[in-house]
Amino acid sequence: MDEFLAARMQMAVSLGFHIVFACIGMVMPWFMFVAEWKWLRTKNPVYLDLAKAWAKGVAIFFAVGAVSGTVLSFELGMLWPTFMKHAGPIFGMPFSWEGTAFFVEAIALGLFLYGWKRLNKWVHLYTGMVVGISGVLSGIFVVSANAWMNAPSGFDWINGQAFNIDPVKAMFNKAWFSQAHHMTIAAFSATGFAVAGVHAVLYMKNKLEIHAKAITIALAFASVAAVLQPLSGDLAAKNVAKLQPAKLAAFESHFKTEEKAALIIGGIPDVENREVKYAIKLPGFLSFLAHGDFNAEVKGLEEFPEEEWPPVPITHYSFQLMVGIGMFLMLIAALFFAGTYKWKHWLEKKWWLRLLAIATPLGFIAVEAGWIVTEVGRQPWIIYGIMKTEDSLTPMPGIQYTFYTISVVYIILTFVVTWLLSRQIKLLQSKYLKNG
Amino acid sequence: MAEANLIILVICLLLYVLLGGADFGGGILELLSRGKASKIVSRAIAPVWEANHVWLILVVVILFVGFPSVYSTVLTALHIPVLLVLLGIIARGSAFTFRHYDIDEKTPKAIYSAIFRYSSVFTTFFLGVTVGGLILGEISMDYQLGFYTVYIHPWLNWFSVSMGLFMVLLFAFLAGIFTVSEIDDKDYIIYFTRMTKRLLISLVVMGAIVFATAKVAGHPLLKDFINSPISVACIVIATLALPAFWYFLNKNKGNWLRLTAGLQTTLIVTGWFAIQFPVLVKTNSGHDITIQAAKAPEQVQLFLLIALVVGVLIIFPAMGFLYKTFKFSEEPES
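Within an unreviewed UniProt entry, the label attached to chain B reads Cytochrome bd-I ubiquinol oxidase subunit 2 apoprotein, and the organism entered is Draconibacterium orientale. Regarding chain B, the UniProt comment filed under Subcellular location (unreviewed entry) reads as follows: "Cell membrane". Regarding chain B, the relevant UniProt record gives this comment under Sequence similarities (unreviewed entry): "Belongs to the cytochrome ubiquinol oxidase subunit 2 family."

In the annotation of an unreviewed UniProt entry, the entry for chain A reads Cytochrome BD ubiquinol oxidase subunit I, and the organism field reads Draconibacterium orientale. According to its UniProt record, chain A has this under Sequence similarities (unreviewed entry): "Belongs to the cytochrome ubiquinol oxidase subunit 1 family." Turning to chain A, the UniProt annotation filed under Subcellular location (unreviewed entry) states: "Cell membrane".

Written out as structure tokens, the structure reads:
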């Protein structure tokens, strides 16, 4: 395998693995927090069991997220030393804040997990909230650093060197806000639907109160997020249209610059002939989505030299997949809001539970697709418009072997974590099944 | 400003050795002790577990923000041992968590334990090898030279290997101190006191071997130590503290014990840093990377320092609360 491809694949595998654990680590603390809060308010012990069970899940995900994150902080330099040598001082500041946020999260989680009897119950609840807040902040800091790669700012680039570095300007670059809200909402949506889906599957088998409560809490978070997400996505896309027109063109396989540009849904991009086959085309809608005007001109890929195009098909398919899933989840969320007033009744409907079960992995598939959209869509640049990814590759040969090794480790870890969680769920259920 | 950040980096490194070291050493100590004794080790170390990775992450972040060429050079030349450390960190971190949270069944627990213990040794060893590679200064920046010269030789040599073994003993020793001062059972206090003493003796012997292998490798480690007044002071104080340490160990004075062991480790790290400074990375071409050459601009250092100081002001009270909640009360519950 080509060294460059191997390095990119290793980065993709490492980030793709970490992002799942990071999302859950950001969001699930809020679920356990709400469950404990409900317990304090209602005194219903089911909520306490739920909070404790979810806290265990958080601990497992947090630990795996922490080690995979530690690995990433090294991999950046092991695979892309030239990039880090130049970019480290510019975009590194959010990482130092992230260190603090991560540490606070770890401490608060330690208090939450082991402090059930030692802390005052309201203080205990508060530590749960701190886990959630610092988790979300960690995510935002990391995303802000990534956003800098898309919208580099806070420095002058003269003869291959950075001068006049302003870390604050770099951190609050033009892409940070749109990426931060899009990612945070995505984390809530993906984790919410995943948790609700798992409990829906379990509820179909055993009608336990704990699963019903779990579905309600997780789905409430997920639904709010899923309704907000298209709005957030729209803002993000408009931002990309402004900052990285080539990337936007790749999302849509939009080859020719035109006014009243059509929104392309699905289809197979044919890069050689610069067209998209078998797609649904909505004239004017791409202009509207990118610039808020049906007649606006949208730059096509033809404006850019071909060697500066991102890989069009991957970006296109990932974008379509992300948007498609986003729309589907928004529909489920709309149904949830419509059905809330006779909620209890709905939980007895098989089709509804099945729908939730189907949605279980979808949010995370969309998160991965979105990550591919933003990362592959930035290629061939590692710092957009400044440094090419291939120019920052490590001189060390044999990266394919480290890629294989890391991949095998993460695949094994994925299986073990899944197995572990299924055992945890069985343990949780067995308590109720024996009693009932 | 860069100097201030470098000092914080060294402090983070020290905290990683002291706190993370006790964690890593916990796995090694479990391997050395059998049966119920190993359970006692894991119970003594578990409650402060989650937080310790952060010291390493902070070291890495300070490096790539404040001294980016150090970060890039080291991770290129020492790519392989660092990768091995990372694989070890993944294995032991997840195995420890899985063991802690999985259902109480014999077979999986035994597997998790085995992975945790052996990967603790593995990780610590390669951490030491990496540090050895840094000290020895065989790092080559001419990437045209052969694979062996550039990517293997800087860390695969007798000196680095003996540094790896030294690190294994050091971390096991730190975990021994931690365990002794944590437990109440008389028999096990005696058991772990004896083990800690043995580890200390091996550590001193291994330290001598480290100096000997440095000499063989042509590295003037001993001479450097003697020529730096700070390093000499460190060695003298560390040696003078040994009898006191022995006394506290025999009398089982938990807090004093931790304090002296912490002091001695601090002295080792400070002594090393004193002979290295102002060089951050030694290379075999004679063009060493100094703090002057490596440091990022002042503006960057300033914001890094602000972030670190604010971070410390947030983290330390929180950590204090964590320790206060768990360390001064009896059984940890899960």
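What's the story with the overall build of chain B in this structure? I'm lost.
Of the regular secondary structure elements, chain B holds 14 helices and 2 strands. Rg of the C-alpha trace for chain B: 20 Å, near the compact-globule value of 20 Å for 334 residues, within the 12% margin. If one aligns the C-alpha atoms of chain B with their principal axes, the spans along those axes are about 55 × 40 × 40 Å. Put simply, chain B has 334 residues, and 60% of those count as buried.

Help me understand the overall build of chain A in this model?
What chain A contains, in helices and strands, is 15 helices and 10 strands. Against the compact-globule benchmark of 22 Å for 436 residues, chain A has a radius of gyration of 23 Å, which places it among compact chains. Taken along its principal axes, the extent of the C-alpha atoms in chain A is 70 × 45 × 40 Å. Here chain A, with 436 residues, has 61% of them falling under the buried criterion.

Can you help me understand the interface of chain B and chain A in this one?
One frequently used descriptor of interface size is the decrease in accessible area upon assembly of the parts. Contact with chain B, which involves 63 residues of that partner, is made by 62 residues of chain A. Each partner contributes to the roughly 6000 Å² buried at the junction of chain B and chain A, and carbon and sulfur atoms together form 78% of this total. The interface formed by chain B and chain A contains 0 salt bridges. On inspection of chain B and its partner chain A, the count reaches 9 residue pairs in polar contact (both at pLDDT 80 or more). Counting residues per element, the ones that place at least two in the side of chain B that touches chain A are helix H3 (53–66), helix H4 (68–77), helix H5 (79–101), helix H6 (106–136), helix H7 (147–152) and helix H14 (298–327) of chain B. Here the element with the most residues in the side of chain B that touches chain A is H14 of chain B; it accounts for 15 residues. For the side of chain B that touches chain A, the residue count by class is 44 nonpolar, 13 polar and 6 charged.

I'm lost on the side chain of Thr-184 of chain A in this one. Help?
Residue and element names in this part refer to chain A. On the secondary structure map, Thr-184 appears in helix H7 (residues 176–205). Within the local environment of Thr-184, its side chain forms a polar contact with the backbone oxygen of Ala-180, the two atoms lying 2.7 Å apart. If sequence neighbours within four positions are ignored, Thr-184 has contacts with Met-26, Val-136 and Ile-140.

What should I look at first to understand the pattern of salt bridges in this one?
Side-chain pairs of opposite charge can arise whenever the charged atoms involved come near each other. Under the definition given, this model contains 9 salt bridges over all chains. Note that Glu-209 of chain A is salt-bridged to Lys-213 of chain A, the shortest N-O span being 3.4 Å. With a gap of 4 residues between them, Glu-209 of chain A and Lys-213 of chain A both fall in helix H8 (residues 209–243), about one helical turn apart. For Glu-209 of chain A, a relative accessible area of 40% gives the class partly exposed. Since its relative accessible area comes to 18%, Lys-213 of chain A is described here as buried. Through salt bridges with shared partners, a single network forms among Glu-30, Arg-99 and Arg-117 of chain B.

I keep staring at the nonpolar core and nothing clicks. Help me out?
Inside soluble globular proteins, nonpolar side chains tend to come together where they are buried. Membership of the largest hydrophobic core comes to 237 residues, with the highest contact counts inside it found for Trp-54, Phe-83 and Trp-148 of chain A together with Trp-55, Phe-67 and Phe-192 of chain B. Broken down by element, this core gets its largest block of residues, 21 residues, from helix H2 (residues 45–79) of chain A. For Trp-54 of chain A, the contacting residues outside a window of four places in its chain are Met-28, Phe-31, Met-32, Ala-35, Val-195, His-199, Ala-214 and Ile-217 of chain A. Counting residues in each nonpolar core, the second largest holds 13 residues, with Val-240, Leu-263, Val-298 and Ala-369 of chain A among its members.

Even after reading the chapter, I still don't get a negative patch on the surface, so can you show me in this structure?
Residues and elements named next belong to chain A. On the surface, a cluster of negative charge is made up of Glu-258, Glu-259, Glu-297, Glu-302 and Glu-303. When you line up the elements, Glu-297 lands in strand S8 (residues 297–298). Glu-297 gets classed as partly exposed once you look at its relative accessible area, which sits at 46%.

I'm lost on helix H13 (residues 350–359) of chain A in this one. Help?
For an α-helix the count is 3.6 residues per turn, leaving residues at separations of three or four pointing the same way. Residues and elements named next belong to chain A. Those residues of H13 that fall on the buried side of the exposure criterion are Trp-352, Leu-353, Leu-355, Leu-356 and Ala-359. End-on view of H13: buried residues confined to an arc of 155°, all on one side of the axis. Turned more than 90 degrees away from the buried face of H13, the exposed residues are Lys-350 and Ile-358.

How do you make sense of the packing of aromatic side chains when you look at a structure like this?
For any pair of aromatic rings, geometry is given as the distance between the ring centres together with the angle between the planes. A full pass over the atoms with the stated rule returns 43 aromatic pairs over all chains. Residues Phe-255 of chain A and Trp-309 of chain A carry aromatic rings whose centres are separated by 5.9 Å and whose planes lie at 45° to one another, so their mutual orientation is tilted. On the criterion of sequence distance, the pair formed by Phe-255 of chain A in the loop between helix H9 (245–251) and strand S3 (258–259) and Trp-309 of chain A in the loop between S8 and helix H11 (312–339) is long-range, its members being 54 residues apart. Judged on exposure class, the residue Phe-255 of chain A and its partner Trp-309 of chain A are both buried. The side chain of Arg-92 of chain B reaches across the aromatic face of Phe-24 of chain B, ending 4.1 Å from its centre. We note Arg-258 of chain B situated over the ring of Phe-178 of chain B; from NZ or CZ to the ring centre the distance is 5.3 Å.

Got a minute to help me understand H3 of chain B in this structure?
A rise of 1.5 Å per residue sets the reference length of H3 of chain B, with its 14 residues, at 20 Å; its end C-alpha atoms lie 20 Å apart and thus fit the reference within 8%. Among the 14 residues in H3 of chain B, 14 count as buried, and that is most of the element.

Would you mind going over the environment of Gln-229 of chain A with me for this structure?
All names here are of chain A. Secondary-structure assignment places Gln-229 in helix H8. Classification of Gln-229 as buried rests on a relative accessible area of 13%. Along the primary structure Gln-229 and Met-330 are separated by 101 residues, whereas in three dimensions their C-alpha atoms are 8.1 Å apart. Filtering out sequence-adjacent residues up to four positions away, Gln-229 remains in contact with His-182, Ile-185 and Ala-186.

Would you take a moment to explain the side chain of Gln-264 of chain B for this structure?
Residue and element names in this part refer to chain B. Tracing the chain through its elements places Gln-264 in helix H12 (residues 254–276). For Gln-264, a relative accessible area of 9% corresponds to the buried category. Residues within four places of Gln-264 in sequence aside, it is in contact with Ala-238, Ala-241, Leu-242 and Phe-245.

What is the right way to look at the environment of Lys-197 of chain B in this model?
Residues and elements named next belong to chain B. Turning to its location among the elements, Lys-197 is positioned in helix H9 (residues 186–216). When the C-alpha atoms of Lys-197 and Leu-302 are compared, they prove to be 45 Å apart, with 105 residues separating the residues in sequence. When neighbours within four sequence positions are excluded, Lys-197 is seen to be in contact with Trp-246, Leu-249 and Asn-250. Separated by 2.5 Å, the side chains of Lys-197 and Asn-250 make a polar contact.

How do you make sense of the packing of H6 of chain B against helix H8 (residues 158–180) of chain B when you look at a structure like this?
Angle between the axes and distance between the axes: these two values describe a pair of packed helices. Residue and element names in this part refer to chain B. Where H6 meets H8, the closest approach of the two axes is 7 Å, and the angle between their N-to-C directions is 130°. Comparing the axis directions of H6 and H8 gives the class oblique. The two elements H6 and H8 cross, and the hand of that crossing is right-handed. Of H8, the residues touching H6 (which contributes Val-121, Thr-124, Phe-125, Leu-127, Gly-128, Val-129, Val-131, Gly-132, Gly-133, Ile-135 and Leu-136) are Phe-159, Ser-160, Val-161, Met-163, Gly-164, Leu-165, Met-167, Val-168 and Phe-171. Per-class residue counts for the contact of H6 with H8 are 14 nonpolar, 6 polar and no charged.

Rules and cut-offs
Along every chain, residues carry numbers that run from 1 in the direction the sequence is written. All chains are assigned letters beginning with A, and all ligands numbers beginning with 1, in the order in which they are written. Thresholds applied to this predicted model are a pLDDT of at least 70 for local features of residues and 80 or more for the giving and counting of side-chain atom pairs; totals over whole chains, interfaces and linings are not thresholded and use all residues. The basis for the side-chain values is all heavy atoms of the structure; hydrogens and waters are excluded. UniProt positions are given in the numbering used here, feature names are shortened, and annotations may be inferred rather than shown by experiment. Numbering of helices and strands runs from the N terminus; a helix is a DSSP stretch of H or I covering at least four residues, while a strand is a stretch of E covering at least two. What the globule rule says is 2.2 Å times the number of residues to the power 0.38, and the radius of gyration is computed from C-alpha atoms. Under the scheme applied here, a residue whose accessible area is under 20% of the maximum for its type counts as buried, over 50% as exposed, and between as partly exposed, the area being computed with a 1.4 Å probe on protein chains only. What makes two residues a contact is simply this: any of their non-hydrogen atoms within 4.5 Å. The term buried area means the drop in 1.4 Å probe accessible area that two parts suffer when joined, counted for both and summed. We define a salt bridge as a side-chain nitrogen of Lys or Arg found within 4 Å of a carboxyl oxygen belonging to Asp or Glu. Polar contacts here mean pairs of N or O atoms no more than 3.5 Å apart (in protein, one a potential hydrogen donor and the other a potential acceptor; neighbouring residues in sequence count only if both atoms are side-chain atoms). Gly falls in the polar group here, along with every residue not listed as nonpolar (Ala, Val, Leu, Ile, Met, Phe, Trp, Tyr, Cys, Pro) or charged (Asp, Glu, Lys, Arg). Residues belong to one nonpolar core when they are buried, are Ala, Val, Leu, Ile, Met, Phe, Trp, Tyr or Cys, and are joined through side-chain atoms within 4.5 Å. Patches in this entry comprise residues that are over 30% relatively accessible and not in a salt bridge; like charges within 9 Å are linked, as are nonpolar side chains (Val, Leu, Ile, Met, Phe, Trp, Tyr) within 5 Å. Each accessible area value is a Shrake-Rupley result obtained with a 1.4 Å probe; residue values ignore everything except the protein chains displayed when judging cover. Under the convention used here, Asp and Glu are negative, Lys and Arg are positive, and both His and the chain ends fall outside the count. Working definition for charges: the position is that of NZ of Lys, CZ of Arg, CG of Asp or CD of Glu. By definition, the arc is the one covered by directions from the helix axis to the C-beta atoms. Any Phe, Tyr or Trp ring, taking Trp's six-membered ring, that has another such ring centre within 6.5 Å forms a pair; planes under 30 degrees apart are called stacked, those over 60 apart edge-to-face, and the others tilted. Remark: a charge is flagged as sitting over a ring if the NZ atom of Lys or the CZ atom of Arg is within 6 Å of the ring centre and within 35 degrees of the ring normal. Working rule for helices: expected span equals 1.5 Å times residues minus one. Axis definition: a line fitted to C-alpha atoms, limited for helices to the stretch in contact. Angles are taken between N-to-C directions and run from 0 to 180 degrees. Here the word oblique covers every angle except those under 35 degrees (roughly parallel), over 145 (roughly antiparallel) and from 65 to 115 (roughly perpendicular). Here is the rule for handedness: rotate from the far helix to the near one, and if that takes an anticlockwise turn smaller than a right angle the crossing is left-handed, while a clockwise turn gives right-handed.

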